[in-house]
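Inside the fold
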Amino acid sequence: MTPKRFFQIFAFAETITWTLLIIGMILKYVTQTTEIGVRIGGGIHGFIFICFVIAVIGVGTSQMWSKKRIATGLASAIIPYATIPFEVSVVKAGVLEGDWGLGANGRTPRNWFEKLTSWAIRSPWLAIAVGIVVVIAIFSGLLLAGPPGDWGK
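Residues numbered from 1 in each chain as written. Predicted model: local features only at pLDDT ≥ 70, side-chain atom pairs only at ≥ 80, totals over all residues. Heavy atoms only, no water.

Defined as follows: UniProt positions are given in the numbering used here, feature names are shortened, and annotations may be inferred rather than shown by experiment.
Identification of the protein chain as Integral membrane protein from Brevibacterium marinum is taken from an unreviewed UniProt entry. Listed under Subcellular location (unreviewed entry) in UniProt, the entry text for the protein chain is "Cell membrane".

This is the structure in structure tokens:
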């Protein structure tokens, strides 16, 4: 899978999960019928949000994006539907073209984070397994912490 396709999958998924969360919020706060939509939509959105953050950092590192571009990508996940304009902008800029910069035929990693990213690109199935465990751990911690409005209470 190319960096472009990988990134597009998560940018699109983030948009879809925003829609699920917004529908859930409308059901809960406008129609006051149920909060199950927020629980389900919010849970799925939270999971994909974490995956998108990992995708931005991994693709950005491999493709040598500037820190500003990576920060903009991360910020795009916070604003509903902003991942699509960000994805369009990186496609237009050509920073998703070609093969993985840290892939098998790519450049030599320069630091520990590039080495980790290179390993993930070169061993995708193992990286996915480890990634799933990490995302589940983060997600579980966030679920235990409860809704952000309840933090610190």
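**Let's talk about the UniProt feature "transmembrane region" (unreviewed entry) in the protein chain**
Definition in use: Secondary structure is summarised from DSSP: a helix means a run of H or I of at least four residues, a strand means a run of E of at least two, and numbering begins at the N terminus for each.
Per the UniProt record, "transmembrane region" (unreviewed entry) is annotated on residues 7-30, 36-59 and 125-145. Within residues 125-145, the helical portion is 100% and the strand portion 0%, while the C-alpha atoms at the span's ends are 30 Å from each other.

**Observations regarding the packing of aromatic side chains**
As a reminder, the rule being used: Pairing of aromatic rings covers Phe, Tyr and the six-membered ring of Trp, with a centre-to-centre limit of 6.5 Å; geometry is then stacked below 30 degrees between planes, edge-to-face above 60, and tilted otherwise. Per-residue accessibility, obtained with a 1.4 Å probe over protein chains only, is compared with the maximum for each type, and a residue is labelled buried under 20%, exposed over 50%, and partly exposed between these values.
Enumeration over the complete set of coordinates arrives at seven aromatic pairs. Judged by centre distance (5.7 Å) and plane angle (80°), the rings of Phe7 and Trp65 are edge-to-face. Here Phe7, found in helix α1 (residues 3-30), pairs with Trp65, found in the loop between α2 (36-62) and α3 (67-76); they are 58 residues apart in sequence, far enough to count as distant. When sorted by exposure, Phe7 lands in the same class as Trp65, which is buried. Aromatic side chains Phe7 and Phe86 sit 6.0 Å apart centroid to centroid with 65° between the ring planes, which places their arrangement in the edge-to-face category. Here the residue Phe7 occupies a position in helix α1, and Phe86 occupies one in helix α4 (residues 83-93), the gap between them amounting to 79 residues. Per residue, the accessibility class of Phe7 equals that of Phe86, and both read buried.

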